[in-house]
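Residue-level structure breakdown
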Amino acid sequence: NAGVTQTPKFRILKIGQSMTLQCTQDMNHNYMYWYRQDPGMGLKLIYYSVGAGITDKGEVPNGYNVSRSTTEDFPLRLELAAPSQTSVYFCASSRTGGETSTDTQYFGPGTRLTVL
Amino acid sequence: RKEVEQDPGPFNVPEGATVAFNCTYSNSASQSFFWYRQDCRKEPKLLMSVYSSGNEDGRFTAQLNRASQYISLLIRDSKLSDSATYLCVVRSSGGSYIPTFGRGTSLIVHP
């Protein structure tokens, strides 16, 4: 199993450009998440999904959009990129919603995005 | 009060030392607790779950105190390779058990 994969690894955008960050998991997990992590800070949840066709906002959704057409894929769309969106973006998945202590999240390697 | 709070450190300790981190959480309905490890510029990885009765995995011991709403991580006989940021994660009931991350505690183990 590859686990959670993300592309691209790095990207530089100009202000106002758009892009899609790709995330794929091959563990047949129902739950998927997008986080951003700014330097020296914890992870902040952008959007999450509890299954194909179902998405919901997290703590910091403004400026982003998501879709979940399949169990495997959970792309994150940035429209009109702004310098405040410079960050490291992590995608994660989990089998369930974390009701038990045995359920954990698996993270992708991250995408480092710079908006200039 | 933030939902999950950690002392950011850094904790600077010599090899072989014992070091402990605490993490406090504000939501009394929290159900699941975890410690993750994050190396510099890498993704977080699960270190251990935290069970109500406390649990141990080699040199690492995690404990939960529901009454005072905190969890702890104890690392014995620190190794250079333990240098990393340790993230406290709390998942609360109320629908989707969305996890909340602390900002992490930085540990530096020196020779």
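Going by the structure above, here's the rest.
**Observations regarding the overall build of chain A**
On a plain count of helices and strands, chain A comes out with 0 helices and 11 strands. Secondary structure of chain A in N-to-C order comes out as β-β-β-β-β-β-β-β-β-β-β. Taken over the C-alpha trace, chain A has a radius of gyration of 14 Å; the compact-globule value for 116 residues is 13 Å, and the two agree within 12%. Seen through its principal axes, chain A has C-alpha atoms that stretch 40 × 30 × 25 Å.

**Looking at the pattern of salt bridges**
For side chains of opposite charge, pairing can occur when their charged atoms come near one another. All names here are of chain A. Within this structure, the stated rule accounts for 6 salt bridges over all chains. Across the pair Arg-77 and Glu-79 runs a salt bridge whose closest N-O atoms are separated by 3.1 Å. Relative accessible area serves as the criterion here: at 35%, Glu-79 is assigned to the partly exposed category.

**Quick look at the state of the cysteines**
All names here are of chain A. Evaluation of the coordinates by the stated rule reveals 2 disulfides over all chains. With its sulfur 1.8 Å from that of its partner, Cys-23 forms a disulfide with Cys-91. Handedness here is read from the sign of the S-S torsion; for Cys-23 and Cys-91, about -70 degrees, the answer is left-handed. Here the residue Cys-23 occupies a position in strand S3 (residues 19-25), and Cys-91 occupies one in strand S9 (residues 87-94), the gap between them amounting to 68 residues.

**Points about the environment of Val-50 of chain A**
You can see Val-50 of chain A is positioned in strand S5 (residues 43-51). For Val-50 of chain A, a relative accessible area of 26% corresponds to the partly exposed category.

**Considerations on the sheet that holds S3 of chain A**
Residues and elements named next belong to chain A. In space, the 4 strands of this open sheet follow the order S1-S3-S8-S7, with antiparallel pairing throughout. Edge positions in the open sheet fall to strand S1 (4-7) and strand S7 (64-66), since each of these has one partner strand only. Neighbour-to-neighbour, the strand axes of this sheet turn through a mean angle of 20 degrees, independent of strand direction. One ladder, built from 3 bridges, connects S3 with strand S8 (residues 76-78); its direction is antiparallel. Its bridge partner being in S8, Met-19 is matched across the sheet by Leu-78.

**Considerations on the sheet that holds strand S6 (residues 55-57) of chain B**
Residue and element names in this part refer to chain B. Read across the open sheet, the 5 strands follow the order S1-S3-S8-S7-S6; overall the sheet is antiparallel. If you trace the sheet from one side to the other, it starts and ends with strand S1 (4-6) and S6, each paired once. The mean angle between the axes of side-by-side strands here comes to 20 degrees, regardless of whether they run parallel or antiparallel. The sheet contact formed by S1 and strand S3 (residues 19-25) spans 3 bridges and is antiparallel. Note that in S3 the partner of Gln-6 across the bridge is Cys-23.

**Quick notes on the environment of Val-50 of chain B**
Along the chain, Val-50 of chain B falls in strand S5 (residues 45-50). In the structure, Val-50 of chain B is positioned 11 residues away from Thr-61 of chain B in sequence and 8.9 Å away in space, judged by C-alpha atoms.

**Notes on the interface of chain B and chain A**
Counting residues at the interface gives 22 residues for chain B, matched by 28 residues for chain A. With both chains or domains summed, chain B and chain A bury close to 1,900 Å², and 53% of this area falls on carbon and sulfur atoms. A per-residue breakdown of the area chain B buries against chain A is headed by Arg-91, Phe-101 and Arg-103 of chain B, which together make up 25% of the total. Here chain B is connected to chain A by 0 salt bridges. Viewed at the interface, chain A and chain B are joined by 4 residue pairs in polar contact (both at pLDDT 80 or more). Of all elements in the fold, only strand S4 (30-38), S5, strand S9 (84-92) and strand S10 (99-101) of chain B reach the threshold of two or more residues within the side of chain B that touches chain A.

Calculation notes
Residues numbered from 1 in each chain as written. Chains lettered and ligands numbered in written order. Predicted model: local features only at pLDDT ≥ 70, side-chain atom pairs only at ≥ 80, totals over all residues. Heavy atoms only, no water. Helix = DSSP H or I, 4+ residues; strand = E, 2+ residues; numbered from the N terminus. Rg over C-alpha atoms; globule rule 2.2 N^0.38 Å. Salt bridge = Lys/Arg side-chain N within 4 Å of Asp/Glu carboxyl O. Buried < 20%, exposed > 50% of the residue type's maximum accessible area, 1.4 Å probe, protein only. Disulfide = S-S within 2.5 Å. Pairing = 2+ DSSP bridges. Axes fitted to C-alpha atoms, helices over the stretch in contact; angles between N-to-C directions. Contact = heavy atoms within 4.5 Å. Buried area = accessible area lost by both parts, 1.4 Å probe. Polar contact = N/O pair within 3.5 Å; in protein donor to acceptor, adjacent residues only side chain to side chain.

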